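Observations on the three-dimensional arrangement
Next come the chains, spelled out residue by residue.
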Amino acid sequence: MSEAGAERAPARAAVAGASGYVGGELLRLLGEHPGIVLVQASSERNAGSAVHFTHPHLRGRNELRFVPVSELEPCDLLFMCLPHGRSMGEIARFAELAPRIVDLSSDFRLRSAARYERWYGAPHAAPEWLERFVYGLPELGRERLRGSTHASGVGCNATASILSLLPFLGKETRELIDWSRGAVIEVKVGSSEGGAAATEATHHPIRAGVVRSFAPTGHRHTAEIEQALEQAGIDAAVHLSATAIERVRGVLATTHLFVRDGVSERDLFAAYRSAAAAEPFVRLVKERRGLYRYPEPKLLSGTNYADIGFELDPSTRRLVSLCAIDNLMKGAAGSAVQCANLMLGWDEGTALGFGGLHPV
């Protein structure tokens, strides 16, 4: 805990739209946070019912009842897990409820209104607010997040993809890659990415057993990856494909890059090791033998860790960069709490220490 965090009274926090899977993870994390007191949680369809009816893993750990979003009261910190478009449509009202906001929707992830319209197919409802939100991936914007008042969410597929590129986003290491050949990224994702509301595509008899390519091109999270590369001073095309697999949690990003002539595996290992050493929740997984030589999403269930690894084909100079995360945690709720810790002056790992289970 930082000295500032120790001296300050706990922040009163509320979660708007807390009945989904990400909302449930937020409630779990905030319930364990020594510097945050959870005072309200909203849900339209579950208003009046106990939180643990919807999130049974919180039985005996959360005594709140859901309220409609219209009954949220002023607080110190507001997490918003509302459907796409809701936050930006009412951001002025939400801003009156809390001086600090972490919005987990896609509404404020992009800095450019033009880019938003291109990828989301409609004009942004509050473009003047875009620059007020810091992109909520601490690995990219830690210093801007410290003491900030507004942080965006992160796309889970974008998170895994960006962190697979993290070793090469620095000035010293980006020249290892031949960016003229672009970045080709394929993400394999679990069913919880589809949210808690069942659809035809997520109905179990349809979803079970699949390896389904649902976004070979045009996935909206491409925009966040492009934005991250641009902010690192890198001009490169991004080609993202997404495939649904039979898992509940997890994203595995497999990124194909090409290294420049003369770049060795030792150079790459140094870049990955340096990236992981600088980040409390990024770990390098690169073993010579055994079952766990590469990042594996299953091992990260419930954690805020991102495991990165790589393999180089020296004959073609193709680099395969891997990143595994839990989409509900590092791809959503975990990063949101990490951002809140930075915003409030707490150690950024507060309430995020769970290391996972094995076997699962």
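For the structure, check the block above.
Throughout this document, residue positions are counted from 1 along each chain, in the order its sequence is written. Restriction of local features to residues with pLDDT of at least 70 applies here, the model being predicted, together with a cutoff of 80 or more for giving and counting side-chain atom pairs; totals for whole chains, interfaces and linings are based on all residues. With hydrogens and water excluded, all non-hydrogen atoms of the structure serve as input to the side-chain values.

What follows is about helix H12 (residues 329-344). It helps to recall that an α-helix has 3.6 residues per turn; residues three or four apart then point in one direction. With 16 residues, H12 should cover 22 Å at 1.5 Å per step; its first-to-last C-alpha distance of 20 Å lies more than 12% under that length. Within H12, 16 of the 16 residues are buried, leaving the element largely enclosed by the surrounding structure. Where H12 ends, the next residue or the one after it, Gly345, has phi of about 90 degrees, a positive value. For the purposes of this entry, the term helix denotes a DSSP run of H or I that reaches at least four residues, the term strand denotes a run of E that reaches at least two, and both are numbered from the N terminus. Between the first and last residue of a helix there are one fewer steps than residues, each counted as 1.5 Å, and that sum is the expected span. Residue burial is assigned from relative accessible area. The probe radius is 1.4 Å, only protein chains are included, and a residue is buried under 20% of its type maximum, exposed over 50%, and partly exposed in between.

By the criterion of burial, strand S11 (residues 306-313) is predominantly enclosed, with 6 of the 8 residues buried. Bridge count for strand S10 (residues 282-284) against S11 is 3 bridges, and the pairing is parallel. Looking at the pairing, Val282 lines up with Ala306 of S11. Here S11 pairs with strand S12 (residues 318-325) via 7 bridges, running antiparallel. Following the sheet pairing, Glu311 is matched in S12 by Val320. Between any two strands, at least two bridges found by DSSP are needed for them to pair.

This part takes up the pattern of salt bridges. Each salt bridge in this description consists of a side-chain nitrogen of Lys or Arg and a carboxyl oxygen of Asp or Glu lying within 4 Å of one another. One pass over the full model with this rule turns up 20 salt bridges. Arg115 is the partner of Glu230 in a salt bridge, and the nearest nitrogen-oxygen pair spans 2.5 Å. Taken together, the residues Glu230 in helix H10 (residues 222-231) and Arg115 in helix H6 (residues 113-120) connect sequence positions 115 residues apart. For Glu230, a relative accessible area of 46% gives the class partly exposed. The network of salt bridges with shared partners includes Glu25, Arg28, Arg249 and Asp326.

Before going further, it helps to spend a moment on the environment of Leu312. Along the chain, Leu312 falls in strand S11. In this structure, the C-alpha to C-alpha distance between Leu312 and Val259, residues 53 residues apart in sequence, is 8.9 Å. Only heavy atoms matter for contacts: two residues are in contact if any of them lie within 4.5 Å across the pair. Among residues more than four places away in sequence, those in contact with Leu312 are Val259, Ser264, Glu265, Leu268, Arg317, Arg318 and Leu319.

So, about the sheet that holds S12. On the basis of which strands lie adjacent, the open sheet formed by 7 strands has the order S7-S8-S6-S9-S12-S11-S10 and mixed pairing. Whereas interior strands pair on both sides, the edge strands pair on one side only; in this sheet they are strand S7 (211-215) and S10. Within this sheet the neighbouring strands show an average axis-to-axis angle of 25 degrees, counted without direction. Taken together, the 8 bridges between strand S9 (residues 251-258) and S12 define a ladder with antiparallel strand orientation. In this analysis an axis means a line fitted to C-alpha atoms, helices contributing only their contacting stretch, and an angle means the value between N-to-C directions, from 0 to 180 degrees.

Here we come to the packing of aromatic side chains. Stacked, tilted and edge-to-face are the three classes assigned to paired rings of Phe, Tyr and Trp, where Trp is represented by its six-membered ring and a pair needs centres within 6.5 Å; plane angles under 30 degrees give stacked, over 60 edge-to-face, the rest tilted. Enumeration according to the criterion identifies 5 aromatic pairs in this entry. With 4.2 Å between their ring centres and 10 degrees between their planes, Phe108 and Phe133 make a pair best called stacked. Within this pair, whereas Phe108 is found in the loop between strand S4 (100-103) and H6, its partner Phe133 is found in the loop between H6 and helix H7 (138-145), the two being separated by 25 residues in sequence. On the basis of relative accessibility, which here comes to 0%, the residue Phe108 falls in the buried class. Here Phe168 and Tyr272 contribute two aromatic rings whose centre-to-centre distance is 5.5 Å and whose plane-to-plane angle is 85 degrees, an arrangement assigned as edge-to-face. You can see Phe168 sitting in the loop between helix H8 (156-165) and strand S6 (183-189) and its partner Tyr272 sitting in helix H11 (residues 265-277), a full 104 residues away along the chain. For Phe168, a relative accessible area of 0% translates into the label buried. Look at Tyr272 and you get buried, because its relative accessible area is 0%. An aromatic cluster of at least three residues, connected via ring pairs, comprises Phe168, Tyr272 and Phe310.

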